[in-house]
Amino acid sequence: MSEYTLSQPVSQVRYVGPQKAEELEKAGIHSVTDLFHYFPTKYKDTTEILSVAEVHERLQQLALFSNIADKLTIRGIITSVSLVYTRTRKSIIEIHIADANNPLKVIQAIWFQQPYIAKSLHEGDDVIFWGKIQQKGKKIILYNPEYEIVRDGKATVHLGRVSPVYRKSGQITTPYFRRFLSEVKDVTSQFVEYIPLEVLREYKCDPLPLAYEHIHYPERKTNISLATQRLALQELLELRETFAKERQLQQVKAPPFISFTQVNSLLPNYTKNLPFKLTNGQSQVISDLISSYAETKFATDTLLYGDVGSGKTIVSFIIAALWLDAGYSVILLAPTTVLAQQHETSANKYFTAWKKTHEVIKVTSTSKSKKLLTNEPALFIGTHALLHKDKSQFGDLGLVIIDEQHRFGVSQREHFVTKKKYSPHILSLSATPIPRSLAHSFFGFNDAQFLDERPQKDYNISSKVVKHEKLDAAYTWVAEQAKLGKKSFLVFPLIEESETLQASALKERAAFLQEHYFQNIPTGILHGRMTDKEKFAILEQFASGEILVLCCTPVIEVGIDIPDASTMFIHSAERFGLAQLHQLRGRVGRDGNKAYCFLVPDDNETENDRLEYFCTHSKGLDLASYDLKNRGPGNIFGTKQSGFIQLKIADLSHFKLLKESETLYFLLKERNISIPSIIRS
Ligand code: ADP
Ligand code: MG
């Protein structure tokens, strides 16, 4: 029996001091259960242990290569330990490791500046090492390897096994998470499996207690897939259940829409007075939405799916305009303040072109209620801060538009349902890469609309991987583009966990580039630590052309629309999921002119196939599938956020799993088995 329970506060777990408890709280980990739901991001597999003799053999087979790229796990006996100091007082530890059965086969290990290691290693110790080897003449050297001494009969903790790796949270790193979780290991038996065993077998799942055990304490690599499968299915089942419940709530009366005669007289004004011609797809979606609003008595709940840059915004504005004409207010919810600001600016632009007198009102957390109160229907635009306002201030609502992922997690839809007179229709816009056949049923939307084509006939963006030796030329090219008045984004990834560090690293890089390449070119910086006001100001300058090169973190990823930006330059590109790269690439070439996307990997050798695939494919769905297939379900964690729906373990671009969760869901419903909230509670 364990001394802990699932609901116990995490602060009561041994080794979790007050300070660590506070850090865990910050990461949303309050109870022992929450700790179990802090899933590993990957695993370090050091189960393939080579003897020293085997290392020699392997290198002979690869005689032409001077080193092996991957880290190796090597076991041997220490035959000597020496600690020396250089003239500059730098310490070097050098040890010799011999094969257990063949003392003539030897390799060396070297550590710099870690003198304390000499105290923990002794002649005769049986040790497992993990690190990269290099061949120097006849010598084989392991530089700065991790190590663990094998004590008689005891299992190793860190090496020689499959060990989970956790995302760092504040000061809490992987060894802490491993330690906390090993303390509560026995609690896994308290998770209750509610799905019959024979069903689990059919779906290649571990039962819940075993799944929790194997995800955090796998004995071998094969443990992980059955565990992941069970937990990911659980999360998807819960998600689906939530949507199903929301939908039940949704059976309420909707306000009446304008008549078709009125549509016919009003619509042309909106569709004609645009800087472009609507695509057939856009016109079709608009007319389908109009029909559904005109024909149904109940509040609808529609998903408008369209790949990045497919032109969802204008569709939603035209529909919004018609609802205003019907005499009802409209709300547009955006996931970020930057995006809300952008929507407000374009709404005003369109309303002016349409000679529309309805007001566009931006709602922020500090907006005063008095200012919002309006007798006339208006278009309210804001982030989720808007959800905290008293609903009555918005007057009679006809439609709520939810841009991007934002509807998930919080039950926005439920929020707007009123038992009173009418409930507004909901229109969710999404670029989540999810197949058409599944989007419809999976999310429990009453209806789904798809924008399949892009406004620009051919996707006019050339994508290219830039090797390090070409980097200089590439920056020079960006500078030349700027001299022609063309705009570039230079994206630097989130390398540091802390946004403050991130911001300072970004500033340094930008200053360097400014000095060496962009001397007379107006350059700006954008990152998450800036205030909204600063962000808007920079984006406005970029939009107007006062700034031509924008160095930024991936904050620009979601939805930013600067139509004439023409170059996207992504550093450390291999760190991003392809779906995320796709979002970034979707920021350029929006005006249909020639645009460029440059990917700069950190390392010239790694993952070239993946980035090359990206360069030759332009559909979000293809890219998400590729990552899934090639990074494998073992890496299912890596692309969790590709669709911007915050999931803990499942992946919405894992189509096979989505399909399975769908059949499993109906099977459980058929058998009257209810789905408890375990992961998403
Ligand atoms: P998303 O679907 O990713 O939200 P947006 O709605 O932001 O895409 O549209 C992308 C860009 O394409 C915007 O600059 C928009 O003005 C433009 N656009 C939308 N529809 C058309 C069209 N029919 N023809 C040309 N450009 C269009
Ligand atoms: Mg958008």
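Conventions we followed
- Residues numbered from 1 in each chain as written.
- Chains lettered and ligands numbered in written order.
- Predicted model: local features only at pLDDT ≥ 70, side-chain atom pairs only at ≥ 80, totals over all residues.
- Heavy atoms only, no water.
- Helix = DSSP H or I, 4+ residues; strand = E, 2+ residues; numbered from the N terminus.
- Buried < 20%, exposed > 50% of the residue type's maximum accessible area, 1.4 Å probe, protein only.
- Areas by Shrake-Rupley, 256 points an atom, 1.4 Å probe, with all protein chains shown as cover.
- Near = heavy atom within 4 Å.
- Polar contact = N/O pair within 3.5 Å; in protein donor to acceptor, adjacent residues only side chain to side chain.
- Pairing = 2+ DSSP bridges.
- Axes fitted to C-alpha atoms, helices over the stretch in contact; angles between N-to-C directions.
- Contact = heavy atoms within 4.5 Å.
- Expected span 1.5 Å × (residues − 1).
- Phe/Tyr/Trp six-rings, centres within 6.5 Å; stacked < 30°, edge-to-face > 60°.
- Lys NZ or Arg CZ within 6 Å of the ring centre and 35° of its normal.

Further remarks concern the overall build of the protein chain. Scanning the protein chain from N- to C-terminus turns up 22 helices and 23 strands. Expressed as a percentage of the 681 residues in the protein chain, the buried residues total 53%. For the protein chain, the exposed surface amounts to about 32100 Å²; the carbon and sulfur share of it is 51%.

What follows covers unusual backbone geometry. If you check the backbone angles, arginine 89 has positive phi at about 65° while not being a glycine. You can see arginine 89 is positioned in the loop between strand 3 (72–85) and strand 4 (91–98). For lysine 204, which is not glycine, the phi dihedral falls at a positive 55°. Structurally, lysine 204 can be placed in the loop between helix 6 (197–202) and helix 7 (208–216).

Taken together, 17 residues are adjacent to ligand 1, and Lys277, Gly309, Lys312, Thr313 and Arg590 come closest. At 2.9 Å from a nitrogen atom of ligand 1 is found a side-chain nitrogen or oxygen belonging to glutamine 282. Between ligand 1 and the protein, one listed contact pairs an oxygen atom with a backbone N or O atom of glycine 311 at 3.1 Å. In isolation ligand 1 exposes 570 Å². Once the protein is present, 88% of that is buried.

Attention now goes to the sheet that holds strand 23 (residues 595–600). Sheet strands pair by backbone hydrogen bonding; their relative direction is either parallel or antiparallel. Across the sheet, which stays open at both edges, the six strands sit in the order 18-23-22-19-21-20 with parallel pairing between neighbours. This sheet does not close on itself; its edge strands, each paired only once, are strand 18 (461–465) and strand 20 (523–526). Pairwise comparison of adjacent strand axes, ignoring direction, gives a mean angle of 15° for this sheet. Summarising the sheet, strand 18 and strand 23 pair through five bridges and their orientation is parallel. Bridged to serine 462 within strand 23 is tyrosine 596. Against the sheet, helix 19 (residues 578–585) touches strand 18, strand 19 (487–491), strand 22 (565–571) and strand 23, its axis set at about 150° to strand 22.

Over its 16 residues, helix 22 (residues 655–670) runs 23 Å from end to end, which matches the ideal 22 Å to within 8%, given 1.5 Å per residue. Among all positions in helix 22, only Phe655, Leu657, Leu658, Glu660, Ser661, Glu662, Leu664, Tyr665 and Leu668 are buried. Once helix 22 finishes, asparagine 672 follows within two positions and takes phi at roughly 60°, a positive value.

Once that is clear, we can look at the packing of aromatic side chains. Each aromatic ring pair is specified by the distance between its two centres and by the angle formed by the two planes. Applying the stated rule across the entire model yields 30 aromatic pairs. Consider the rings of tyrosine 166 and phenylalanine 177, whose centres lie 5.5 Å apart with planes at 35°: the pair is tilted. You can see tyrosine 166 sitting in the loop between strand 10 (162–165) and helix 5 (174–183) and its partner phenylalanine 177 sitting in helix 5, a full 11 residues away along the chain. Neither tyrosine 166 nor phenylalanine 177 differs from the other in exposure class; each is buried. Note on tyrosine 517 and phenylalanine 518: the rings are 6.3 Å apart at their centroids and 50° apart in plane angle, and the pair reads as tilted. A relative accessible area of 0% means that phenylalanine 518 is categorised as buried. Positioned above the aromatic ring of phenylalanine 542, the side-chain terminus of lysine 487 is 5.9 Å from the ring centre.

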